[in-house]
Amino acid sequence: MLIELTILSAFFGGLFILLSSNENSPKLSFYLSLVPLLGTLIMWLNFDGSGNALISGSTIAFETYVSWMSLGPYSLNWHVGIDGISMPLLLLTSILTPLAILSAWTPITHRKSQFYGLILLIEAALFGVFVAFDFFVWFIFWEAVLIPMYFLIAIWGGTKRKRAAIKFFIYTNVASLIMFIGFIALIFGLGDSIQSLDLIEVSAALQADKLGGLGLLDSHTLKSMAFLAMFIGFGVKVPIVPFHTWLPEAHVEAPTPVSVILAGVLLKMGTYALLRFNFTLLADVAQKWASMIALVAVISVIYGAFLALAQTDLKRIIAYSSISSMGYVLLGLTTYTVYGLGGATFQMISHGLLSGLLFMSVGLIYNATHTRSIEDLSGLADRMPITSVIFIVGAFGYMGLPLMSGFAAELFIFLGAFGASFPYAKLYTALSMFGIVIVAGYLLLTIQRVFFGPFEVKGNPDLILPQIHDIIPLVIILLIIIALGIAPNIIFEMIQDAVEPLAFLFGGQSNV
Amino acid sequence: MSELILLIPQLCLLLSALLILGYNTIFPKSTKLVILTGIAAIGSLGSISTAIFLSSSKLQLGSLFGGQIVVDGSSLFFVVIISSVTLLVSIASYDYINKLGNQAEYYSLLLLAATGMSLMASANSLVIAFVAMELASLPSYALVTYLKSNEGSTEAGLKYFLIGALSSAIFVYGSSLIYGATGSLGLSAISQSILYSSSISGLLGIGILMVIGGLAFKTASVPFHFWAPDAYEGAISPVSAFISSASKAAGFILAFRILIEAFPIDVVSTLGLDWTIAIQILAVLTMTLGNFAAVLQENVKRMLAYSSIGHAGYVLIGLAALTGSQDTLVIGASMMHLMIYGFMNTGAFLFIALAEHWDIGPTFKDYRGLGLKAPLVSVAMTIFLFSLAGLPTGGGFLTKYVLFMAAIGAGFWWLAAIGAINSALSLYFYSRMVKALWIDEPISDLNISSRRIPLGIYAAIFIAALITILSLPFFSIISDFAMTAANVLLS
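Keep in mind the model is a prediction, meaning the values are calculated, not measured.

With that settled, the discussion passes to the overall build of chain B. Within chain B, the secondary structure is distributed over 21 helices and 2 strands. What you see for chain B is a C-alpha radius of gyration of 21 Å, in line with the 23 Å of a compact globule of 491 residues. For the C-alpha atoms alone, the extent of chain B along its principal axes is close to 70 × 55 × 45 Å. Across chain B, every contact between residues at least 6 apart in sequence was considered, and the portion connecting residues at least 24 apart equals 81%. As displayed, chain B has an accessible area near 16,000 Å², and 69% of this comes from carbon and sulfur atoms.

Encoded structure:
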């Protein structure tokens, strides 16, 4: 019931804002976005789930199961619930949304009510993605996310916003279609062994090895093909190199608050789905291909980092480094160790916060200087001390400075990856650690050029000082990042509990 | 007499057509358009409600008049689609034809065509099928040329008529070949005689192909799709809405019934006449051609016309994937899609009708900035377009994915994959319209606020939008209805 109320509060809040006036909508939407936050916090404090929802022996928190319809041989149900993997992501979504709204007060100057309305609608859809356990319910939310995002980029974006928006739209839609075909082929391969498209039932049937062939494909090929289709489908969303080309464009064109949601939460949809579908439902294929997937992950890490190194636009730097960071998530997933899987999930949260922080500080710089190019900026630390300090601290967090969430996340992933049993695991870990060096390289370079040295801004800067509502979100995010860095157990305990059954699926090691 | 009770939905439409003609004869000078609209709306509403009542009642459904006509779940399902479209179009026409004259003729032609289409849904022999098709076609030709002094309208009507006449001839010739081969015209009798004789394959095969060709015209599928873009563009938009939604649905139920009842796969495949292969080719060609051509259009109505061909291609998956493994789901999915399509496509065309009412030009560019001037209808249009593209703003999302799902289940993952490519492509051209409405810089001289509010079109668009949206959460109503209909058809 709480889940439904939270989703509906965001949904109807969004509709209400769409109909409200431009003057009131910024404040009103902020207050309304606190309702889903409250709902999520209540759920977090009363969270009583245990285990991994898709693996038997779990307790799903706040579960609802209502019959929706029957479609031929299968029934569809409104089945939502929360486990230790979805809870942190819900928290991330509900925290980032009000903060993104605050960060929009300065840069968004036209069609305000539509902007804030769409932000709340996308929040509702994102909630749905993280709580749904029925495939079609999940898929509706999954696709619904695209619609507000398309408008948010296309209306309030930069000069090439329309192209970026339609590219994002079609790219991710094609990905969904590929994924759909793969998943449904799997469903029909399971034949009579399932009666519904409930992921929990599908998972149970797959673990019990009920998969038969479909048409000319035997069960083995079908499984591999389905895995591949879903991997590509979700890989676009993550994005994994080479499916990443939509991301820099979308990020550069999107306004700051939309970048925050895009990098902070939308990319996590991809890794969340990979974790649920590829790495849980088809865990045996994932484990068999672990070495290959880890290679893809390492390529994403290194290639994304090198691309970031070559950029001069601050937003592009963070966008490409997101690709790199998502590579770590993928690497963590391949390991099938508690630390690896848990670290990957923790990295989703950590990166959501860190990239949100960096995008917001870049937004502040842009508001004041009207440029994002490193070449146009120099010595900002002098004139914009608060923004500079936050960006620099955030960047150090991004590099994995201890006592910040990024350190914990990457440490867990590397610990897991070193202990992983697939071939070349240690080599890949070492290589991806090298990624951190590059990250440190470009971030330090950026800091040095933009914030230090003699003050100079090309173009026509206003250098208006950020207002209190611009700074608050940054401070809050920073505090959470530090809190998670000092005490990762705030959420890691929950995550660990949810990924343990997955790691033990193949008799995995307990802690390493 | 008792047989007529089952035909009440059709009779409602016929009766209201005759009432309108009668009213016009008695009061030829009457300009009370609201009365004509009222009769048409009540007639189609009556048809919808009686069809729903019959399908849920305990009455014995079945074949009438010696098996010539059949009233069952599937025929009633399509009567609901056809009459719903007729209802929406009647309401919307109230504003549209206000100044155009010949209103009584317009409404009676509309209702007569709807009668023909709903009879197509019930045709159980090739003769009745042909008669019903002509009853639907002839008024449609006249409706397309309703603006008889307009060059585009007459040209469209002529094209429609010529291709229609050709395809009718092909259908009749095909029927005669089938009759020659089997000695019967009733659908079940045909399948019986095929079952008991095995030396008739050549003639029969050509006959089946020709019948498929004739049906392709009605459903605007390859190879008889040429007329559609011209006819939809030339006709007034309410008529385009009517033909592209209702006529397509009627063509499809006829195709479903003839192919499934008269030529069951398990019977004809032993003769080497597996028509699913022909339909697979047609499905791929139809959806690919429709969607690729739609990408190239600058004219919104032509874009919708080609996209309507594309949707015919999706629905053809329902026939193409009949291999025995997931038949009910496959046919049911096609039916669901036609039902939702009836609302979302009609809504989209009626939005164009509204734009024409406001003197907005025909191309995408002319719609720039309309979203901010007329937000409510533009939201409705966005809902229609995204639902047509297969995004979750309406039931079109579920029907499209259920169709793909059914195809995969029947082993045709490649058909689903081609459908998926087309679907992604369709997102491009549908979102062009969305972009024009909401995102592009507004045109400065767009002025719609001074005009009288066309209540009829508004009402029709909102009803269509509401049903499109609600069909997503309440999809089970439509899916159960469609699955029952599919079950009846297949048993």
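Let us now look at the overall build of chain A. Looking only at helices and strands, chain A features 21 helices and 4 strands. Taken against the 2.2 N^0.38 rule, which gives 24 Å for 512 residues, the C-alpha radius of gyration of chain A at 22 Å falls within 12% of a compact globule. The dimensions of chain A, computed from C-alpha atoms along their principal axes, are 70 × 55 × 40 Å. Within chain A, the proportion of its 512 residues that are buried is 66%. Long-range pairs, those at least 24 residues apart, make up 79% of the contacts in chain A between residues at least 6 apart in sequence.

Another point: the pattern of salt bridges. As enumerated under the stated definition, the model contains 16 salt bridges over all chains in all. Across the salt bridge formed by Lys301(B) and Glu356(B), the nearest N and O atoms sit 3.2 Å from each other. Here Glu356(B) lies in helix H15 (residues 327-357) and Lys301(B) lies in helix H14 (residues 300-320), a separation of 55 residues in the sequence. Through salt bridges with shared partners, a single ionic network connects Arg161(A), Lys162(A), Lys435(B), Asp440(B) and Glu441(B).

All names here are of chain A. With 8 bridges connecting them, strand S1 (residues 61-71) and strand S2 (residues 74-82) associate as antiparallel partners. Its bridge partner being in S2, Met69 is matched across the sheet by Leu76. Turn length for the S1-S2 hairpin, with the two strands adjacent in sequence and antiparallel, is 2 residues, and the turn residue Gly72 shows positive phi of about 55°.

This paragraph deals with the interface of chain A and chain B. Residue-level contacts link 35 residues of chain A with 38 residues of chain B. Counting the surface lost from both chain A and chain B, the interface buries some 3,300 Å², and carbon and sulfur atoms represent 78% of this. Taken together, chain A and chain B are joined by 3 salt bridges. The partner of Asp440(B) in a salt bridge is Lys162(A), with the nearest N and O atoms 2.9 Å apart.

All told, the structure shown has 66 aromatic pairs over all chains when counted by the stated rule. With a centroid separation of 5.5 Å and 70° between ring planes, the pair formed by Phe77(B) and Phe78(B) is classed as edge-to-face. An identical accessibility class is assigned to Phe77(B) and Phe78(B); each is buried. When the ring centre of Phe455(A) is taken as origin, the NZ or CZ atom of Arg383(A), which lies over that ring, is 4.1 Å away.

Turning our eyes to something else, we now look at unusual backbone geometry. Glycine aside, a negative phi is what most residues show, and trans is what most peptide bonds show. Here the bond from Val241(A) into Pro242(A) is cis, since omega is 10°, no more than 30 degrees from zero. Along the chain, Pro242(A) falls in the loop between helix H9 (219-237) and helix H10 (246-253). With an omega of 5°, the peptide bond running from Val222(B) to Pro223(B) counts as cis. In this structure, Pro223(B) sits in the loop between helix H9 (201-219) and helix H10 (227-234). The backbone phi angle of Phe62(A) is positive, close to 55°, even though this residue is not glycine. Although it is not a glycine, Tyr424(A) adopts a positive phi angle of roughly 65°.

All right, on to the nonpolar core then. With 416 residues, the main nonpolar core has Phe135(A), Trp138(A) and Phe263(B) as its most contacted residues. Of the residues forming this core, the biggest block, 20 residues, is contributed by H15(B).

A few words now on the environment of Phe256(B). All names here are of chain B. Within the element layout of this structure, Phe256 appears in helix H11 (residues 237-262). Judged by relative accessible area, Phe256 falls into the buried class, the value being 0%. Along the chain, Phe256 and Gly214 lie 42 residues apart, while their C-alpha atoms are 13 Å from each other.

Below, the discussion takes up the confidence of the model for chain B. Residues and elements named next belong to chain B. Confidence along chain B averages 90 in pLDDT terms, with 98% of residues attaining 70 or more. The spread of mean pLDDT over the elements of chain B runs between helix H1 (residues 2-6), the lowest at 81, and helix H17 (residues 375-389), the highest at 95. Among the prediction metrics, the complex's ipTM stands at 0.93, with pTM recorded as 0.94.

All names here are of chain B. On the surface, Leu4, Ile5, Ile8, Leu11, Phe53, Leu59 and Phe65 cluster together into a nonpolar patch covering about 580 Å² of accessible area. Of all the secondary structure elements, the ones that give two or more residues to the nonpolar patch are H1 and helix H2 (8-26). If you trace the backbone, Phe53 turns up in helix H3 (residues 33-56).

What follows deals with helix H7 (residues 151-182) of chain B. Taking 1.5 Å of rise per residue, 32 residues should cover 46 Å, and H7(B) covers 46 Å from first to last C-alpha, within 8% of that figure. Where H7(B) terminates, the next one or two residues include Gly183(B), which has phi positive at roughly 75°.

Residues and elements named next belong to chain B. Where helix H6 (residues 126-144) contacts H9, the axes come no closer than 12 Å and their chain directions differ by 40°. Comparing their axes, H9 and H6 come out oblique. In this structure, the crossing between H6 and H9 has a hand that is left-handed. Only Gly214, Phe217 and Lys218 of H9 make contact with H6, whose side of the interface consists of Met133, Ala136, Ser137 and Tyr141. Of the residues contributing to the contact of H6 with H9, the split by class is 4 nonpolar, 2 polar and 1 charged.

On to the environment of Ser191(B), then. All names here are of chain B. Mapped onto the elements of the fold, Ser191 is located in helix H8 (residues 187-196). Residue Ser191 is classed as buried on the basis of its relative accessible area, which comes to 10%. Through-space distance from the C-alpha of Ser191 to that of Val89 is 38 Å; in sequence the pair is 102 residues apart. Leave out the neighbours within four places in its chain, and Ser191 touches Glu261, Ala262, Pro264 and Val267.

A word on H9(A). Spanning 19 residues, H9(A) covers 27 Å between terminal C-alpha atoms, matching the ideal 27 Å at 1.5 Å per step. Two or three places before His220(A), at the opening of H9(A), Asp218(A) has a side-chain oxygen 3.0 Å from that residue's backbone nitrogen.

Right, let's get into the layout of surface pockets. A volume near 2,100 Å³ is recorded for the largest pocket. In this structure, the largest pocket is lined by 47 residues; those nearest its centre are Phe11(A), Leu15(A), Leu121(A), Pro392(B) and Ile469(B). Every element with two or more residues in the lining of the largest pocket is listed here: helix H1 (2-19), S1, helix H4 (112-131), helix H5 (135-144) and helix H6 (146-156) of chain A together with helix H16 (370-373), H17 and helix H20 (455-470) of chain B. At 8 residues, the largest contribution of residues to the lining of the largest pocket is made by H1(A). Counted by class, the lining of the largest pocket contains 39 nonpolar, 6 polar and 2 charged residues. The volume enclosed by the second largest pocket comes to roughly 520 Å³. Every residue lining the second largest pocket is counted, 28 residues in all, and those nearest its centre are Gly157(A), Gly158(A), Glu253(A), Tyr366(A) and Arg372(A). Residue assignment for the lining of the second largest pocket shows that the elements contributing at least two residues are H6, helix H7 (161-190), H10, helix H14 (314-335) and helix H15 (338-369) of chain A.

Looking at where Ser29(A) falls in the secondary structure, it is placed in helix H2 (residues 25-45). If we ignore the near neighbours within four places in the chain, the residues touching Ser29(A) are Ile17(A), Ile101(A), Tyr116(A) and Leu120(A).

Position of Ser324(A) relative to the elements: it lies in helix H14. Once you skip the residues sitting within four places of it in the chain, Ser324(A) turns out to touch Ser300(A), Val301(A), Gly304(A), Ala305(A) and Val439(A).

To continue, consider the packing of H9(B) against H11(B). All names here are of chain B. H11 packs onto H9 with a crossing angle of 160° between their chain directions and a minimal axis gap of 8 Å. When the interaxial angle is binned, H9 and H11 end up roughly antiparallel. For the element pair H9 and H11, the recorded crossing hand is left-handed. Mapping the contact onto sequence places Ile208, Val211, Ile212, Leu215, Lys218 and Thr219 in H9 and Ser247, Lys248, Gly251, Phe252, Leu254, Ala255, Ile258 and Leu259 in H11.

Turning to the environment of His220(A), a few remarks are in order. As for its placement among the helices and strands, His220(A) is situated in helix H9. For His220(A) and Arg276(A), which are 56 residues apart along the polypeptide, the C-alpha to C-alpha distance reads 20 Å.

Each value, and the rule that gives it
Residues numbered from 1 in each chain as written. Chains lettered and ligands numbered in written order. Predicted model: local features only at pLDDT ≥ 70, side-chain atom pairs only at ≥ 80, totals over all residues. Heavy atoms only, no water. Helix = DSSP H or I, 4+ residues; strand = E, 2+ residues; numbered from the N terminus. Rg over C-alpha atoms; globule rule 2.2 N^0.38 Å. Contact = heavy atoms within 4.5 Å. Areas by Shrake-Rupley, 256 points an atom, 1.4 Å probe, with all protein chains shown as cover. Buried < 20%, exposed > 50% of the residue type's maximum accessible area, 1.4 Å probe, protein only. Salt bridge = Lys/Arg side-chain N within 4 Å of Asp/Glu carboxyl O. Pairing = 2+ DSSP bridges. Buried area = accessible area lost by both parts, 1.4 Å probe. Phe/Tyr/Trp six-rings, centres within 6.5 Å; stacked < 30°, edge-to-face > 60°. Lys NZ or Arg CZ within 6 Å of the ring centre and 35° of its normal. Core = buried A, V, L, I, M, F, W, Y, C linked by side-chain atoms within 4.5 Å. pLDDT = per-residue confidence, 0-100. Patch = residues over 30% accessible without salt bridge, like charges linked within 9 Å, V, L, I, M, F, W, Y side chains within 5 Å. Expected span 1.5 Å × (residues − 1). Axes fitted to C-alpha atoms, helices over the stretch in contact; angles between N-to-C directions. Parallel < 35°, antiparallel > 145°, perpendicular 65-115°, else oblique. Left-handed = near helix turned anticlockwise from the far one by under 90°. Nonpolar A, V, L, I, M, F, W, Y, C, P; charged D, E, K, R; others polar. Polar contact = N/O pair within 3.5 Å; in protein donor to acceptor, adjacent residues only side chain to side chain. 1 Å grid on protein atoms, 1.4 Å probe; cavity = no way out; pocket = protein on both sides within 12 Å on 5 of 7 lines; lining within 4 Å. Points joined across faces, edges and corners; volume = space filled by probe spheres on them.

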